[in-house]
Amino acid sequence: MIEQFSQFFSILIDLVSTPSNLIILFVASFLGIIFGAMPGLTATLGVALLTALTYGLGADTALLALLGLYVGAIYGGSYPAILINIPGTPAAAATAMDGYPLTQKGLAGKALGLTTTASFIGTIIGLLFLVTLSPFIASLALQFTSWEFFLLALLGIVLSGSLTSPDLVIKGWITGLLGLFLATIGRDALQFFPRYTFDQPQLDGGLEIVPVLIGAFGIPQVIRALTTKTQTTPPAFVGNIMPEFSAIKRNIKHIFRSATIGVGVGAVPGVGEDIAGWVSYSTAKKTSTKEQQAEFGKGSETAIVSSETANNACVGGALIPLLTLGIPGSPPAAMLLGALLLHGITPGPSIEIDHPNFLLEVTAIMVLASFAMWANGLLMAKQVLKVLQLPTSLFIPVVAVLCILGAYALNLNMFSLYLMVPIGIIAFILGEMKFPISPMVIGLVLGGMADESLRRALLLSEGSFLPMFERPVAVILVLVMSLFILAQFKWFKGLLAKLTNKFKFKDKK
């Protein structure tokens, strides 16, 4: 452990001692804040666009830019949430519940100060979990066989579909299966047999992740922004945005609990920062006194601190399964996975063998990115406020152009545009029908691993599924997945309720 800390500080000093690294981090963080602050844009889309632009750069430089933008974008969504009651990103939806009431009271500066500091603390705590848990999970994952990797990928898709659906869970599973289907397009990895290619050589290598993700997250936002004519004016006066450390001290227990929730939710594949914010918000409300509960929805500092700590701690949590298992914990992390693969880095159990100290390098970059985010947040709030005053009709066409350039610049192939546009239209239609898009992305990203692992396992077992039930970890994964699926049926919920009441009755006796 001491040796790890020594290596970490050595990497940190190397990064700080290079001025160009700091410039890249601060600029990427600021761009992330701007991207998160513009209503309709998301951290996922920001990382997707930047991934294409970093194609010709070195892996280290690309990591600095991508992680800086990721951290900044998650935080930046709180600006419009607080100032105009429109979350810039889904992660800031819970923050709007109490941030905007404070703005109406003339306390926008206080809300922004609390948000900035809580976001910084949440990110740092998430990184502590990342650096301590990742080596253990990676060593455990080295014992996995093809059965475990197949079930892990399938579990990620099931969980993502279950937890991100706005109404019916089956809609999330449908989009997850759609992502799995998209992952099977191209020649299979084991026998090189073409599947669903329709004799198109451009499809032999499968679907490019970056154009698909830009289409899935970018095109729907452009269409919605162009069809929505509402424009909200931010307040002219923000006030002092220096954080109230006394308020942070008063809510220290909520901060640590929310950070733990954020890391836990982030580690669940495909769920994302928005779920972390809402879970932490509701938990903080339930554990507060009656007087504090009455303030929720009216400008509660506890609510703001809890939601912002959780959604930023979720960043570190989402990186844990991404780096150790190759399974993204959130949609932005899924895009980050595509970026890493693009730069020749394959996350997974062997990451420390292939790229020694990579986990420590990512942690060091994230620490600096969180400091850059905190400094940018305090120094440039009023500049961001001016950006928010721009009409949507000005910046959305720019985003549309960036989507086109990002998809085309990846491999200078027009086919990427032909792929991006229909995927975007399909994603828009699905979104209008309340189908979540995140499971489709997770299905596409994990589909290759699920397909290859299952077929390899069946080849070794001569087509038998029985060896899967001879491995304890595989059995646990099957049980967890089965419970999540059964929990969606009313008869199973009723059975659990009866058993719970029965045990409660026995306890009372």
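This structure is a prediction, so every number in the text was calculated from the model and none was measured.

As for the overall build of the protein
In terms of regular secondary structure, the protein is built from 24 helices and 2 strands. Going through the 509 residues of the protein one by one, you find that 54% of them count as buried. Long-range pairs, those at least 24 residues apart, make up 79% of the contacts in the protein between residues at least 6 apart in sequence. As displayed, the protein offers around 22,300 Å² of accessible surface, 68% of which is attributable to carbon and sulfur atoms.

A closer look at the nonpolar core
In this structure, Tyr 70, Leu 151, Leu 319, Leu 323, Phe 358, Met 366 and Ile 437 are the most contacted members of the largest nonpolar core, which totals 132 residues. Examining the composition of this core, we find that 12 residues originate from one element, helix 4 (residues 59-76), more than from any other. Among residues more than four places away in sequence, those in contact with Leu 323 are Leu 130, Leu 340, Pro 347, Gly 348, Ile 351, Phe 358, Leu 359 and Val 362.

A short note on the pattern of salt bridges
Per the counting criterion, the structure on display carries 6 salt bridges. Between Arg 471 and Glu 148 there is a salt bridge, with its nearest N and O atoms 2.5 Å apart. Placement of the pair is Arg 471 in the loop between helix 22 (438-460) and helix 23 (472-486) and Glu 148 in helix 8 (residues 146-164), with a sequence separation of 323 residues. You can call Arg 471 partly exposed: its relative accessible area is 29%. In this structure Glu 148 comes out as buried when scored by relative accessible area, which is 1%. Between Arg 455 and Asp 188 there is a salt bridge; the shortest N-O distance is 2.8 Å. Residue Arg 455 is found in helix 22, and its partner Asp 188 is found in the loop between strand 1 (186-187) and strand 2 (194-195); the two are separated by 267 residues along the sequence.

Quick look at unusual backbone geometry
With phi around 60 degrees, Asp 199 is a residue other than glycine that occupies positive phi space. You can see Asp 199 is positioned in the loop between strand 2 and helix 10 (209-227). On the basis of relative accessibility, which here comes to 75%, the residue Asp 199 falls in the exposed class. Even without a glycine there, the phi angle at Glu 462 is positive, about 60 degrees. With respect to the helices, strands and loops of the structure, Glu 462 is situated in the loop between helix 22 and helix 23. The class for Glu 462 is exposed, based on a relative accessible area of 75%.

A closer look at the packing of helix 3 (residues 43-53) against helix 16 (residues 331-342)
For the pair helix 3 and helix 16, the least separation of the axes is 8 Å and the interaxial angle reads 10 degrees. Judged by the angle between their axes, helix 3 and helix 16 are roughly parallel. Taking contact as the criterion, the partners of Ala 43, Thr 44, Val 47, Ala 48 and Thr 51 in helix 3 are, on helix 16, Pro 331, Pro 332, Met 335, Leu 336, Ala 339 and Leu 342. Residues belonging to the contact of helix 3 with helix 16 are distributed by class as follows: 9 nonpolar, 2 polar and no charged.

Re the environment of Asn 357
Among the structural elements, Asn 357 can be located in the loop between helix 17 (351-354) and helix 18 (358-379). Overall, Asn 357 belongs to the partly exposed group, its relative accessible area being 28%. Separated by 349 residues in sequence, Asn 357 and Phe 8 place their C-alpha atoms 8.4 Å apart. Excluding residues within four positions of it along the chain, Asn 357 makes contact with Gln 7, Ile 11 and Glu 352.

Things to note about the side chain of Asn 312
Relative to the elements of secondary structure, Asn 312 occurs in helix 15 (residues 301-325). A relative accessible area of 1% means that Asn 312 is categorised as buried. Among the polar contacts listed, one links the side chain of Asn 312 to the side chain of Ser 119, at a separation of 3.1 Å. There is a polar contact of 2.7 Å between the side chain of Asn 312 and the side chain of Asn 311. Leaving out residues up to four positions away in the same chain, Asn 312 has contacts with Val 71, Ile 74, Tyr 75, Ser 119, Gly 122 and Thr 123.

Some words on the confidence of the model for the protein
Across the protein, the average pLDDT comes to 78, with 86% of residues at or above 70. Element-level pLDDT for the protein is lowest in helix 19 (residues 381-388), with a mean of 65, against a maximum mean of 86 in helix 9 (residues 169-183).

Some words on the packing of aromatic side chains
Each pair of aromatic rings is reported with the distance of its centres and the angle of its planes. This structure, assessed with the given rule, holds 4 aromatic pairs. For the pair Phe 120 and Trp 374, a centre-to-centre distance of 5.9 Å together with 40 degrees between the ring planes defines the contact as tilted. Separated by 254 residues along the polypeptide, Phe 120 in helix 7 (residues 108-141) and Trp 374 in helix 18 bring together distant segments of the chain. Ring centres of Trp 147 and Phe 465 lie 5.9 Å apart, and the angle between their planes is 50 degrees; this geometry places the pair in the tilted category. Here Trp 147, found in helix 8, pairs with Phe 465, found in the loop between helix 22 and helix 23; they are 318 residues apart in sequence, far enough to count as distant. Taken together, the ring pairs in this structure connect Phe 120, Phe 371 and Trp 374 into an aromatic cluster. If you follow Lys 171 out to its NZ or CZ, it ends over the ring of Phe 435, 5.3 Å from the centre.

Each value, and the rule that gives it
- Residues numbered from 1 in each chain as written.
- Predicted model: local features only at pLDDT ≥ 70, side-chain atom pairs only at ≥ 80, totals over all residues.
- Heavy atoms only, no water.
- Helix = DSSP H or I, 4+ residues; strand = E, 2+ residues; numbered from the N terminus.
- Buried < 20%, exposed > 50% of the residue type's maximum accessible area, 1.4 Å probe, protein only.
- Contact = heavy atoms within 4.5 Å.
- Areas by Shrake-Rupley, 256 points an atom, 1.4 Å probe, with all protein chains shown as cover.
- Core = buried A, V, L, I, M, F, W, Y, C linked by side-chain atoms within 4.5 Å.
- Salt bridge = Lys/Arg side-chain N within 4 Å of Asp/Glu carboxyl O.
- Axes fitted to C-alpha atoms, helices over the stretch in contact; angles between N-to-C directions.
- Parallel < 35°, antiparallel > 145°, perpendicular 65-115°, else oblique.
- Nonpolar A, V, L, I, M, F, W, Y, C, P; charged D, E, K, R; others polar.
- Polar contact = N/O pair within 3.5 Å; in protein donor to acceptor, adjacent residues only side chain to side chain.
- pLDDT = per-residue confidence, 0-100.
- Phe/Tyr/Trp six-rings, centres within 6.5 Å; stacked < 30°, edge-to-face > 60°.
- Lys NZ or Arg CZ within 6 Å of the ring centre and 35° of its normal.

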